[in-house]
Amino acid sequence: GAVVSQHPSRVICKSGTSVKIECRSLDFQATTMFWYRQFPKQSLMLMATSNEGSKATYEQGVEKDKFLINHASLTLSTLTVTSAHPEDSSFYICSARKDRGFVEQYFGPGTRLTVT
Amino acid sequence: DAKTTQPTSMDCAEGRAANLPCNHSTISGNEYVYWYRQIHSQGPQYIIHGLKNNETNEMASLIITEDRKSSTLILPHATLRDTAVYYCIVREIQGAQKLVFGQGTRLTINP
């Protein structure tokens, strides 16, 4: 199978601090990873697309200086929420795709961020 | 914006077939139809995808109309564990290949 993990699964941080979320593809190399955010009772919203070794592409309305994405290797992408505020509290989910020709995208279990 | 329309919610009895419809009347020739589901507080799970032919795997069957403007996901023998939000998504074969999620259908399997 294709397994994607996220760490941590839950995190609570104080307002103004930064928090890093890791996304790993455990048994395949992911040339592309995606980051989503999901508020309660809402659908997933794509935040950005990251390709290994290059800058992430952010969706309209997503602040790239606030949500820093690093895809340093073919198995790891990180999302750092900088200067977090309570409105950043959400469920953050990553997904990974094996290669450009591969049509399936595999999702991680998500990270619940609570900013107090 | 999502390019699909799904009913907000559906109910199905355990053991019965669950048929989830999806309208994608503006689908173009280079777009696949994907189905994912999300069980509460988990990441989405891939179910099945297709281009124009009907598809079947161990989880479900996908029936796509001949004009490709709509499709139906069939869970042949629904169980309580199939209770989830089901998302129908169209996505380009080439290009960015982003998955854009709509609101999905909340399927409840009743005992």
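Residues numbered from 1 in each chain as written. Chains lettered and ligands numbered in written order. Predicted model: local features only at pLDDT ≥ 70, side-chain atom pairs only at ≥ 80, totals over all residues. Heavy atoms only, no water.

### Observations concerning the pairing of strand β11 (residues 111-115) of chain A
All names here are of chain A.
- Where burial is concerned, the two faces of β11 differ: the one with Thr111, Leu113 and Val115 is buried and the one with Arg112 and Thr114 is not.
- Strand direction decides the pairing type here: strand β2 (residues 10-13) and β11, joined by four bridges, are parallel. When the sheet's bridge partners are listed, Arg10 is paired in β11 with Arg112.
- Bridge count between strand β9 (residues 90-97) and β11: three bridges; the pairing is antiparallel. When the sheet's bridge partners are listed, Ser90 is paired in β11 with Leu113. (Buried < 20%, exposed > 50% of the residue type's maximum accessible area, 1.4 Å probe, protein only. Helix = DSSP H or I, 4+ residues; strand = E, 2+ residues; numbered from the N terminus. Pairing = 2+ DSSP bridges.)

### Let's talk about the pattern of salt bridges
All names here are of chain A.
- In this structure the tally under the stated criterion is four salt bridges over all chains.
- Between Glu22 and Arg24 there is a salt bridge; the shortest N-O distance is 3.5 Å.
- Take Glu22: its relative accessible area is 23%, and that puts it in the partly exposed class. (Salt bridge = Lys/Arg side-chain N within 4 Å of Asp/Glu carboxyl O.)

### Things to note about the side chain of Lys66(A)
- Position of Lys66(A) among the secondary structure elements: in the loop between β6 (57-58) and β7 (67-73).
- Not counting residues up to four positions away in its chain, the partners in contact with Lys66(A) are Thr80(A), Val81(A), Thr82(A), Ser83(A), Ala84(A), His85(A) and Asp88(A). (Contact = heavy atoms within 4.5 Å.)

### So, the sheet that holds β7(A)
All names here are of chain A.
- Reading across the sheet, the four strands line up as β1-β3-β8-β7 and stay open at both edges, with antiparallel pairing between neighbours. The outermost strands of the open sheet, each flanked by one partner alone, are β1 (4-7) and β7. The average undirected angle you get between the axes of adjacent strands in this sheet is 15°.
- Where β7 and strand β8 (residues 76-81) come together, five bridges link them in antiparallel fashion. Of the residues in β8, the one forming a bridge with Ile69 is Leu79. (Axes fitted to C-alpha atoms, helices over the stretch in contact; angles between N-to-C directions.)

### Side note on the state of the cysteines
Residues and elements named next belong to chain B.
- All chains considered together, the criterion is met by two disulfides over all chains.
- The disulfide that involves Cys22 links it to Cys88, with 2.1 Å between the sulfurs. Measuring the twist about the S-S bond at about -80°, one finds the Cys22-Cys88 disulfide to be left-handed. With Cys22 in strand β2 (residues 18-23) and Cys88 in strand β8 (residues 84-92), this residue pair connects regions lying 66 residues apart in the sequence. The exposure classification of Cys22 matches that of Cys88, with both residues buried.
- The thiol of Cys12 is unpaired, and the distance to the nearest cysteine sulfur, on Cys22, comes to 18 Å. (Disulfide = S-S within 2.5 Å.)

### Here we look at the interface of chain B and chain A
- With 20 residues of chain B at the contact, the number on the chain A side is 20 residues.
- Taken together, the two surfaces of chain B and chain A that pack against each other cover about 1,600 Å², and 47% of this comes from carbon and sulfur.
- Area buried by chain B at its contact with chain A is led by Gln97(B), Lys98(B) and Phe101(B), which between them contribute 27% of it.
- Taken together, chain B and chain A are joined by zero salt bridges.
- Run the count over chain B and chain A and you get four residue pairs in polar contact (both at pLDDT 80 or more).
- At the level of secondary structure, the elements contributing two or more residues to the side of chain B that touches chain A comprise β3 (31-38), β4 (45-50) and β8 of chain B. (Buried area = accessible area lost by both parts, 1.4 Å probe. Polar contact = N/O pair within 3.5 Å; in protein donor to acceptor, adjacent residues only side chain to side chain.)

### Some points on the environment of Ile109(B)
Residue and element names in this part refer to chain B.
- Its place among the elements puts Ile109 in strand β9 (residues 105-110).
- By relative accessible area, which is 4% here, Ile109 ends up buried.
- Every residue in contact with Ile109, bar those within four places of it in the chain, is listed here: Cys12, Ala13, Glu14, Ala78, Thr79, Leu80, Asp82 and Thr83.

### Observations concerning the packing of aromatic side chains
- Enumeration over the complete set of coordinates arrives at 11 aromatic pairs over all chains.
- Taking 6.4 Å as the distance between ring centres and 20° as the angle between the ring planes, the aromatic pair formed by Tyr34(B) and Tyr36(B) counts as stacked. Here Tyr34(B) matches Tyr36(B) in class, with each residue buried.
- Of the aromatic side chains, those joined through ring pairs into one cluster are Tyr36(A), Phe107(A), Tyr32(B), Tyr34(B), Tyr36(B), Tyr46(B), Tyr87(B) and Phe101(B).
- When the ring centre of Phe67(A) is taken as reference, the NZ or CZ atom of Lys66(A) above it lies at 6.0 Å. (Phe/Tyr/Trp six-rings, centres within 6.5 Å; stacked < 30°, edge-to-face > 60°. Lys NZ or Arg CZ within 6 Å of the ring centre and 35° of its normal.)

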